[in-house]
Amino acid sequence: MKTTSTRAGKSGIVSYVLVLSTAAILTLLTVSAYRRAMASREVQAKIQLRLDYSEKEDAILRSIMSITPNRAIRAMKHGSNASATDRDPLAWESIFKESLVLANASKSVDPELQQLLKITTARSGNIGDSALADISKIFNRSAIFKSGNPIGGLMASGTVGDSITLSLDDAYPPLLKSANSTVTSRDLTYPIIANDKRAVGLAAGTRPNYNILKYPQINFGYGKPGENFVAKRNWWAFSMNLGGHDTLATKLNSQSRDYVLSIYEIPSQLSISASSFMSLGKFASGESWNKDKVNISGAIFAGKAEVEGEIDLSALSSRRGMALSSGSTIGGLSFTNSPFTPGVRENYQMAEGDFFPVSLASESGRSAFVPINRGKEYFDRFDTKNRDPESSVLSSTSWNNYSVGALQCAMQLDIIQQVSSTNNMPTVFRFGFSKAGVRTSYTEPIINGLSADLPPGYVEVAIENGSYDFGTKVVDVAYGDEANKKFFFQTDVTGVVVFNNLRFGDPIAGIIKKGYFRPSAPYKVKQLPSGKICVAIYPQRFKDFLPLIGADTPAVNNSLVVNVDYTTATGSILLKQPSIPCTEQDYGLILEECADLTSFTKGFSLVTNLRLHFGDDFNIVPATPPAGYTPDGKFFPPCSIFAPEKRYGVENDPFSVSLSGQLGSLASDTVAAPVRPLDSKNTSGSLISSERITVNLRPITHTAELPPITMVNWLVLLEERRKEFIGN
């Protein structure tokens, strides 16, 4: 049986208008959502691109900061100006190009990273990738100065000629001046460090190359941010816009950012400052620094530091780390854990609002601390094994003359001959000095019987068998004949002197001799009770001695280096380079008549590679401070002593030793045994008991307190100058 069923229904009506309207609305909503998504994607892409540029720029800036001091040093070295091949790598243009390469700024992904991830083929969707071929679109100086700025170029220099006046934004440091036009012109092209640069608006003082500046706002505590310190600030300024190179491709409206790159030249000025590995808190004997006898104010800097025992230091900074004893305190803080644990410094600064007293150079972002330490070479101007000659140099100051104290001294005293290969008694000195601004020298026999001209300064006072009464005045006398150049000498004599053969011997028979004298020379040969042969220096005698030889005053001849000339060109093959550490076979140096150094109106410095014996009080007579400078207490002529080893006493061991001023070391921070800066030895080499050592150290706070010869460090700093923070 078959059944069919049909259900009746109403007919439907389709509205095409409604369907089309709905479809149009949905389509518009879809298009709108898509456009919003695309706009959002474009915004995100631009944000990501800006982040990429920001990270690249940060890497570029770090590279610039690390490259520049190396190039500045190379510009001071031999051959840096020999040819374009030597000069070009030192130019700012090359520095910028190399920084782009080191920062991998042309790629979003480092090719080495791709290789490690085994990505053999890749297509970058980052339109910011670029060859960066035209660096003038990235770096320029056109917007740095308000007026007076030369057109074009990559870097603006903070050093100008004496007659140049520039209008600077408040964002930029004070200018340096130089009368050397070569320095000012080359400083636009190369990072030039030179003694010809000088600060403008100096405070009163004896060192016109330096000024009193504010320590920058960085975490490295060689100084406290915002407080005064002594330095010279070389600086250069530039604008950078990495995104501006490819604006057409990226359609990114990127802004230039202005930067100042500084190299602070910082003379050693802390209570204790050295790039060496240093132990603080105990003597080598194991005795602790006595708090009643050891007073150290201000910060301490060491290449690497080890703090022992219970000692309280104001501040401590280092380049290569430090170890702190549990009983020590730094700035009133004790540390059971490392002070460099993340968050410790930040929490302290938030709670105390003060600078954290413990710091490492690596803790500051775009900054670097570069100690200039030539080690043993610093003492010896004849040590040329690691020195290049100094011709064709870009800077007006060569690296050796800048970094070796022995080469900086105005006066030079050299042993140039000895008796024989088995008898090292010196026979001839050579004395060099500044005369009318020009270095000159003469040789002087220091034993009787040598044929030589009469040394400068001697005046005829008698003929043979005649006499002269010198009273209490200490003089050197000579007996002989100038025509035949034969003389016998006696030094440090007083009273009546009869110039005859009976007293002196006969330097040349059959010839009528004459008698001569001069105020006693500031250098002699002297032996210790042990028999060790030494050069004796008498600084107080220079005041009367220098005018006799036509030399400039002690204001100019204010530093002395004492060396042995062991070179075959100007010295003797019999002489040997002194050893460091010093040995008993080497010559020594004795410092006597050195209590009153007020005749050295700009201070006094001594550099030697010989073991130094203090035979007298040193620099204990106050002087009149320079005009415009009011010291906190008595003012003493600023002095510095550089020697590989020091001992106290000559004829007898001293009962006690009192040290004031600053201490340092030229030792390396890689040696196993640390330097102990307060250790002192007597003339025989035995350690002086800690109970007999009194120490009062404080930092230098003014240019008037800088001695003629100092150790120098560089602080390299790269800062952004943001107009919204400076009102320009």
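Residues numbered from 1 in each chain as written. Predicted model: local features only at pLDDT ≥ 70, side-chain atom pairs only at ≥ 80, totals over all residues. Heavy atoms only, no water.

A separate point is empty space enclosed by the protein. For the structure shown, the criterion picks out one cavity of 30 Å³ or more. Taken as a whole, the largest cavity spans an internal volume of roughly 50 Å³. If you trace the largest cavity, you find it lined by Ile 372, Tyr 378, Tyr 402, Ser 403, Gln 408, Thr 710, Met 711 and Val 712. Counted by class, the lining of the largest cavity contains five nonpolar, three polar and no charged residues. (1 Å grid on protein atoms, 1.4 Å probe; cavity = no way out; pocket = protein on both sides within 12 Å on 5 of 7 lines; lining within 4 Å. Points joined across faces, edges and corners; volume = space filled by probe spheres on them. Nonpolar A, V, L, I, M, F, W, Y, C, P; charged D, E, K, R; others polar.)

Our focus in this paragraph is the side chain of Lys 513. Topologically, Lys 513 is positioned in the loop between α10 (501–504) and β26 (514–519). Looking at Lys 513, the relative accessible area reads 2%, which means it is buried. Polar side-chain contacts of Lys 513 include one of 2.9 Å to the side chain of Asp 506. Not counting residues within four places of it along the chain, the set of residues in contact with Lys 513 comprises Ile 463, Glu 464, Tyr 479, Gly 480, Asp 481, Asn 501, Asp 506, Pro 507 and Ile 508. (Helix = DSSP H or I, 4+ residues; strand = E, 2+ residues; numbered from the N terminus. Buried < 20%, exposed > 50% of the residue type's maximum accessible area, 1.4 Å probe, protein only. Polar contact = N/O pair within 3.5 Å; in protein donor to acceptor, adjacent residues only side chain to side chain. Contact = heavy atoms within 4.5 Å.)

Looking now at the nonpolar core. Among the nonpolar cores identified, the biggest contains 65 residues, and Phe 431, Ile 537 and Leu 560 are the most heavily contacted of them. Residues in contact with Phe 431, not counting those within four places in the same chain, are Met 411, Gln 412, Leu 413, Thr 440, Ser 441, Tyr 442, Tyr 523, Phe 542, Phe 545, Ile 549 and Leu 560. Of all hydrophobic cores here, the second largest spans 42 residues; its members include Met 76, Met 155, Ile 193 and Leu 252. (Core = buried A, V, L, I, M, F, W, Y, C linked by side-chain atoms within 4.5 Å.)

Here the structure, examined in full by the defined rule, presents 43 aromatic pairs. Aromatic side chains Phe 429 and Tyr 523 sit 5.7 Å apart centroid to centroid with 90 degrees between the ring planes, which places their arrangement in the edge-to-face category. Within this pair, whereas Phe 429 is found in strand β19 (residues 426–435), its partner Tyr 523 is found in strand β27 (residues 523–527), the two being separated by 94 residues in sequence. Here the aromatic cluster, defined as three or more aromatic residues joined through ring pairs, consists of Phe 429, Phe 431, Phe 433, Tyr 442, Tyr 523, Phe 542, Phe 545, Phe 600 and Phe 604. The ring of Phe 277 is capped by Lys 304, whose NZ or CZ atom sits 4.6 Å from the centre of that ring. (Phe/Tyr/Trp six-rings, centres within 6.5 Å; stacked < 30°, edge-to-face > 60°. Lys NZ or Arg CZ within 6 Å of the ring centre and 35° of its normal.)

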